[in-house]
Amino acid sequence: MSATPKTPAANQMWGGRFATGPDAIMQAINASIGFDQRLYAQDIAGSRAHAAMLAAQGILSNKDAEAIGEGLLTVLSEIETGKFPFRVELEDIHLNIESRLTEIVGEAGKRLHTARSRNDQVAVDFRLWVRDQCDAAISSLTALMQAFVAQAEAGADWVMPGFTHLQTAQPVTWGHHMLAYVEMFARDRSRFEDARRRMNECPLGAAALAGTSFPIDRHMTASALGFDRPTANSLDSVSDRDFALEFLAASSITAMHLSRFAEELVIWSSAQFRFVRLSDRWTTGSSIMPQKKNPDAAELLRAKLGRILGATVALFTVMKGLALTYSKDMQEDKEQVFDAADTLMLGLAAMTGMVGDMTANRETLKTAAASGFSTATDLADWLVRELGLPFREAHHVTGTLVAMAESAGVDLPDLTLAQMQAVHPGIRADVFAVLGVENSVRSRMSYGGTAPTRVREQVARWKAALG
Ligand code: ARG
């Protein structure tokens, strides 16, 4: 704290009507350069497209546009080589780049901001960034799906217990369980594809909020930046952050799916289950208990939805109730989206690594599949099919047999034919065929069912679709 505070100079980019610069704390709360520098490549691409369009429309001389285009490439390489002098008093990435451009190319740099505003500039930069993240999510999800399909192909006929309520329900196949996640991640991928399609309209040229009196060509900038078309309403263009919310929503659902398989990995890799083994590459040790191999990556993946959903709620809360058009509140969009995207990409990569790495313990899976009276439904179905019992009655007969086995401390196939016939005299010896887990899964041939034949069909379909 100085006794005679210096009066800071007014902002060189917009300070014309300001006698002094901002208070240090004002600067601290206002500046976004600490995080929005991540948009540098998008900002430069947007500015280059804008300058080329201004020249094509005769709003800027070709000489100036060329100087700007070249100068921006110099700025780009300064940033990428760590030589760029970021200045917090220049608030954000847009003013930092424009100011540096003007230092490099002189007068021409000052003409770049013709017919645009930071409002459409940040909107286009951020859209480009989020669009890239959609592409990254789409390709990461494809890799993850491929890892699950490879597991499914290897274990199309390995039997394991299927659960409801985490209680043994019916035997299923490993391949079928793996493909359940392929379905989930395929829907996630299509959500990113949908969001990308919707966000692929260019807000550049909306200017501050009302459009511009300069004869700009918004179709030209839109196509130069890979957008399908320009946005149709300038007010909406500068105030829309739906595209970021959709990205976050799709990310949240994906992270929720990641957390579900992460939880299964945690359970399955425990000493009590031993369904799968994760190698040393995907586990950590304990500093005190030498025997430990902890599935930390899976645990962290189970938790990451907290951050991503947190970002989603944060941005909804920022946007809720904001009157049109741009308000500075919206600067709070970026850190949330950046963190969510980083978290998602790391999570997808980690899960892909773990799925590729995990080894199923086939024998353990099979033993577990046969315990817990997992073929009771098969028995009830046999009574319906072979003896013509109504299903409700078959259910009751089977329940009586399960109770009998349970009190004898054995599984259903261990009961003798005589014991079974004491409960229902019509039961024949061929009932034992349906009590085996292999036969059980083979019989579930309905479309979408767990039979190895069905699983192999789905594996083939996914392999063709995923390439
Ligand atoms: N840093 C700002 C943001 O992230 C850029 C837009 C500023 N626009 C303005 N009129 N002050 O939102």
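Structural notes, computed from the coordinates. Just so it is clear, the model here is predicted, and its values are computed rather than measured.

Criteria and cut-off values
- Residues numbered from 1 in each chain as written.
- Predicted model: local features only at pLDDT ≥ 70, side-chain atom pairs only at ≥ 80, totals over all residues.
- Heavy atoms only, no water.
- Helix = DSSP H or I, 4+ residues; strand = E, 2+ residues; numbered from the N terminus.
- Rg over C-alpha atoms; globule rule 2.2 N^0.38 Å.
- Contact = heavy atoms within 4.5 Å.
- Areas by Shrake-Rupley, 256 points an atom, 1.4 Å probe, with all protein chains shown as cover.
- Lys, Arg positive; Asp, Glu negative; His and termini not counted.
- Charge placed at Lys NZ, Arg CZ, Asp CG, Glu CD.
- 1 Å grid on protein atoms, 1.4 Å probe; cavity = no way out; pocket = protein on both sides within 12 Å on 5 of 7 lines; lining within 4 Å.
- Points joined across faces, edges and corners; volume = space filled by probe spheres on them.
- Core = buried A, V, L, I, M, F, W, Y, C linked by side-chain atoms within 4.5 Å.
- Buried < 20%, exposed > 50% of the residue type's maximum accessible area, 1.4 Å probe, protein only.
- Near = heavy atom within 4 Å.
- Polar contact = N/O pair within 3.5 Å; in protein donor to acceptor, adjacent residues only side chain to side chain.
- Nonpolar A, V, L, I, M, F, W, Y, C, P; charged D, E, K, R; others polar.
- Salt bridge = Lys/Arg side-chain N within 4 Å of Asp/Glu carboxyl O.

### What about the overall build of the chain?
Of the regular secondary structure elements, the chain holds 18 helices and six strands. Here the C-alpha atoms of the chain give a radius of gyration of 31 Å, more than 25% beyond the 23 Å that 2.2 N^0.38 yields for 467 residues. The principal-axis extents of the C-alpha atoms in the chain amount to approximately 100 × 50 × 40 Å. The contacts of the chain with a sequence gap of at least 6 include a subset with a gap of at least 24, amounting to 74%. For the chain, the computed accessible surface area is about 22,000 Å², with 54% contributed by carbon and sulfur atoms. Taking the average location of the 46 positive side-chain charges in the chain and that of its 54 negative ones, the two points are 1 Å from each other.

### A closer look at the layout of surface pockets
Estimated volume of the second largest pocket: approximately 410 Å³. Taken together, 15 residues make up the lining of the second largest pocket; nearest its centre are Ser269, Ser270, Ala271, Lys293 and Asn294.

### Details of the nonpolar core
Most often, soluble globular proteins have nonpolar side chains that are buried together. Core analysis: the biggest nonpolar cluster contains 97 residues, and Trp174, Phe261 and Met351 have the highest contact counts within it. Setting aside residues no more than four positions away along its own chain, Trp174 makes contact with Gln151, Gly155, Trp158, Met160, Trp268, Val276, Met358, Ala360 and Leu365. Ranked by size, the runner-up nonpolar core spans 19 residues in total, among them Trp382, Val402, Ala405 and Val431.

### Topic: the site of the ligand
Taken together, the residues surrounding the ligand are Ser32, Asp36, Asp92, His94, Arg118, Asn119, Val122, Tyr326, Gln331 and Lys334. Within the contact set of the ligand, a nitrogen atom lies 3.2 Å away from a side-chain nitrogen or oxygen of Ser32. Expressed as a share of its isolated accessible area of 340 Å², the protein-covered part of the ligand is 86%. In terms of residue count, the dominant contributor to the shell around the ligand is helix α6 (residues 118-154) (three residues). Tallied by class, the residues present in the shell around the ligand amount to two nonpolar, four polar and four charged.

### Remarks on the pattern of salt bridges
Scanning the model with the defined rule gives 29 salt bridges in all. The partner of Arg241 in a salt bridge is Asp333, with the nearest N and O atoms 2.8 Å apart. You can see Arg241 sitting in the loop between α9 (234-239) and α10 (242-268) and its partner Asp333 sitting in helix α12 (residues 333-357), a full 92 residues away along the chain. As far as the burial class goes, Arg241 and Asp333 line up, both buried. Notably, a salt bridge pairs Arg302 with Glu263, separated by 2.5 Å at the nearest N-O pair. Taken as a pair, Arg302 in helix α11 (residues 296-319) and Glu263 in helix α10 lie far apart in primary sequence, 39 residues in all. Look at Arg302 and you get partly exposed, because its relative accessible area is 35%. Three or more residues are tied together by salt bridges with common partners; here these are Glu78, Arg87, Glu89, Arg100 and Glu103.

### Quick word on the side chain of Gln151
Inspection of the secondary structure puts Gln151 in helix α6. On the accessibility criterion, Gln151 (9% relative accessible area) is buried. Here Met358 takes part through its backbone oxygen, which lies 3.1 Å from a polar atom of the side chain of Gln151. Every residue in contact with Gln151, bar those within four places of it in the chain, is listed here: Trp174, Met178, Val355, Gly356 and Met358.

### Focus on the environment of Thr375
Relative to the assigned elements, Thr375 resides in the loop between α13 (362-370) and α14 (376-387). Thr375 gets classed as buried once you look at its relative accessible area, which sits at 3%. Taking C-alpha positions, Thr375 is 7.1 Å from Pro171, a pair spaced 204 residues apart along the chain. If sequence neighbours within four positions are ignored, Thr375 has contacts with Pro171, Leu412, Val434, Leu435, Gly436, Val437 and Ser440. In terms of polar contacts, Thr375 uses its side chain to reach the backbone carbonyl oxygen of Leu435, at 3.1 Å.

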